[in-house]
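# Analysis of the macromolecular model
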Amino acid sequence: MRICFAGTPEFAATALAALVGAGHQVALVLTQPDRPAGRGLKLQPSPVKALALQHGIALAQPRSLRLDGKFSDDAAAASAVLRAADAELLVVAAYGLILPQWVLSLPPRGCLNIHGSVLPRWRGAAPIHRAIEAGDARTGITLMQMDAGLDTGDMLLVAEEPIHPGDTTASLHDRLAALGAQLVVQGLAAPDALRRRPQPAAGVTYAHKIDKAEAAIDWAQPAAAIERRVRAFDPFPGASFQLDGETVKLWRATLRPGLAGTPGQVLAAGDGRLTVACGDGALDLLQLQRPGGRRTDAGAFLQGRPGLAGRSLAG
């Protein structure tokens, strides 16, 4: 099938690689403009752009697709190349730009989206993070026919994936990316056999975009909720707390049954163990990172930090 593809991060690159490998003719790739990254803040291409260049696929990086918006020149240029591509279908995965109606209506077969949840649960920008944060036991991938709403289109294919007790967003992301790639290849192998079904009216939730301000740990929350958030925010933005004027990131923690105290109080700090009281229960902090440092275990973190026991990490 002759298709166009719109996506930006690694999740999308996994799907694009699978479509190319399955023999589809990708006439054009849309991806976000290069962004500054790393210590030098040099402009870096998205994973999708890097893959498109590797395969010699035509590329466009509009800042907007709104023909009446601030970057209407970008949108007009994108419109021209999309029309010239003459594709049957546009496949979308974590693109990062809203598709206006002119894009949705352009390909004869419309636009298909690879979404990282079982809809209608976790519509929106951060479905993987929010599923872990909420303590969901399962999630998955929905291949859907896009419409003008926010992830409201008809479902075409669904595949479920369990969320393991130790899953982080990074580990679950990789499994869902592979599952999404598999599902879209499966769907495009027999597109005429795909059957549209509306999303259920019940069970709608929204996965709001992750904000850096959410990183700060609220020790008044239950220990189980904090532990889930630590995993949900790995690798971005990381859960964090303040200690001696530094922002310390917490990457791994485990529940410590039978212990309690004032939220934020350090209950134990020695013999390789750092235990902190929460609003309900306590946590052993297992993997931490000081500013500019590497992730280390609690034993290494505690070296040179005497007298932590009894102190408060709250506020």
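As a starting point, this report considers the structure included with it.

### Digging into unusual backbone geometry
The amide bond that connects Leu119 to the next residue, Pro120, takes the cis arrangement and shows omega of 15°. Within the secondary structure, Pro120 sits in the loop between strand E7 (111-115) and strand E8 (123-124). Here the amide bond leading from Phe236 into Pro237 is cis, since omega sits at 0°, within 30 degrees of zero. One can find Pro237 in the loop between helix H7 (223-232) and strand E12 (239-243). In the Ramachandran plot, Ala94 falls in the positive-phi region, its phi being about 45° despite a non-glycine side chain. With respect to the helices, strands and loops of the structure, Ala94 is situated in the loop between strand E6 (89-93) and helix H4 (101-104). Given a relative accessible area of 37%, Ala94 falls into the partly exposed group. Phi at Trp122 is positive, roughly 65°, even though this residue is not glycine. Along the polypeptide, Trp122 turns up in the loop between E7 and E8.

### Considering the sheet that holds strand E10 (residues 155-162)
In any sheet, the strands associate via hydrogen bonds between backbone groups, in a parallel or an antiparallel arrangement. Strands sit in the order E5-E2-E1-E6-E7-E9-E10 across an open sheet of seven strands; the sheet is mixed. Since the sheet does not close on itself, it has two edges, and those belong to strand E5 (59-60) and E10, each with one partner. Inspection of the sheet shows E7 paired to strand E9 (residues 138-145) by four bridges, in the antiparallel sense. Bridge assignment links Leu112 to a residue of E9, and that residue is Gln145.

### Things to note about the pattern of salt bridges
Tallied over the full model, the rule gives 22 salt bridges. Where Asp136 meets Arg121, a salt bridge forms, and the shortest distance between an N and an O atom there is 2.8 Å. With Asp136 in the loop between helix H5 (127-134) and E9 and Arg121 in the loop between E7 and E8, this residue pair connects regions lying 15 residues apart in the sequence. Where Arg229 meets Glu133, a salt bridge forms, and the shortest distance between an N and an O atom there is 2.6 Å. Taken together, the residues span a long stretch of sequence, with Arg229 in helix H7 and Glu133 in helix H5 at a distance of 96 residues. Note on Arg229: relative accessible area 26%, which makes it partly exposed. Among the ionic contacts, a cluster of salt bridges with common partners joins Asp244, Glu246, Arg290, Arg305 and Arg311.

### Thoughts on the packing of helix H1 (residues 10-21) against helix H6 (residues 169-189)
At a minimum axis distance of 8 Å, the contact between H1 and H6 shows a crossing angle of 35°. The handedness of the crossing between H1 and H6 is right-handed. For the pair H1 and H6, the contacting residues are Glu10, Phe11, Thr14, Ala15, Ala18 and Leu19 in the first and His173, Leu176, Ala177, Ala178, Ala181, Val184, Val185 and Leu188 in the second. Grouping the constituent residues of the contact of H1 with H6 by class yields eleven nonpolar, two polar and one charged.

### Here's the deal with H1
The end-to-end C-alpha distance of H1 is 16 Å, a good match for the 16 Å that twelve residues give at a rise of 1.5 Å each. Buried within H1 are the following residues: Phe11, Ala12, Ala13, Ala15, Leu16 and Leu19. Positive phi shows up at Gly23, right after H1, with a value of about 95°.

### Brief notes about the side chain of Glu133
On the accessibility criterion, Glu133 (17% relative accessible area) is buried. When near neighbours in sequence (up to four residues on either side) are disregarded, Glu133 contacts Arg228, Arg229, Ala232 and Phe233.

### Things to note about the pairing of E9
The element E9 is largely enclosed, with a buried count of seven among its eight residues. Bridge analysis of E9 against E10 gives seven bridges, and the strand direction is antiparallel. Across the sheet, residue Leu143 finds its bridge partner in E10, namely Leu157.

### A few points about H5
Across the eight residues that make up H5, a large majority, seven, are buried. Along H5, the residues that are buried comprise Pro127, Ile128, His129, Arg130, Ala131, Ile132 and Glu133. Looking at the buried residues of H5, the elements they touch are E7, E8, E9, H6, strand E11 (206-207) and H7. Gly135 occupies a position one or two residues after H5 and carries a positive phi of about 80°.

The rules behind the values
In this numbering scheme, every chain counts its residues from 1 along its sequence in written order. Local features are withheld for residues below a pLDDT of 70 in this predicted model, meaning they are given only at 70 or higher, and side-chain atom pairs are given and counted only at 80 or more; totals for whole chains, interfaces and linings count all residues. Side-chain measures here rest on the full set of heavy atoms in the structure, leaving out hydrogens and waters. Here a strand is any run of E in DSSP of at least two residues, a helix any run of H or I of at least four, and the numbering for each starts at the N terminus. The cut-offs for exposure are 20% and 50% of the maximum accessible area for each residue type, with area from a 1.4 Å probe on protein chains only; residues under the lower value are buried, those over the upper are exposed, and the others partly exposed. Two strands are counted as paired when DSSP detects at least two bridges linking them. The working definition used for a salt bridge is a side-chain nitrogen of Lys or Arg within 4 Å of a carboxyl oxygen of Asp or Glu. Helix axes use the C-alpha atoms of the stretch in contact, all axes being lines fitted to C-alpha atoms, and the angles between their N-to-C directions lie in the range 0 to 180 degrees. Each crossing is labelled by how the near helix is turned from the far one, with a counterclockwise turn of less than a right angle marking it left-handed and a clockwise turn marking it right-handed. Two residues form a contact once any of their heavy atoms are found within 4.5 Å. Nonpolar residues are Ala, Val, Leu, Ile, Met, Phe, Trp, Tyr, Cys and Pro. Charged residues are Asp, Glu, Lys and Arg, and all others, Gly as well, are polar. Helices are assigned an expected span. That span is 1.5 Å times one less than the residue count.

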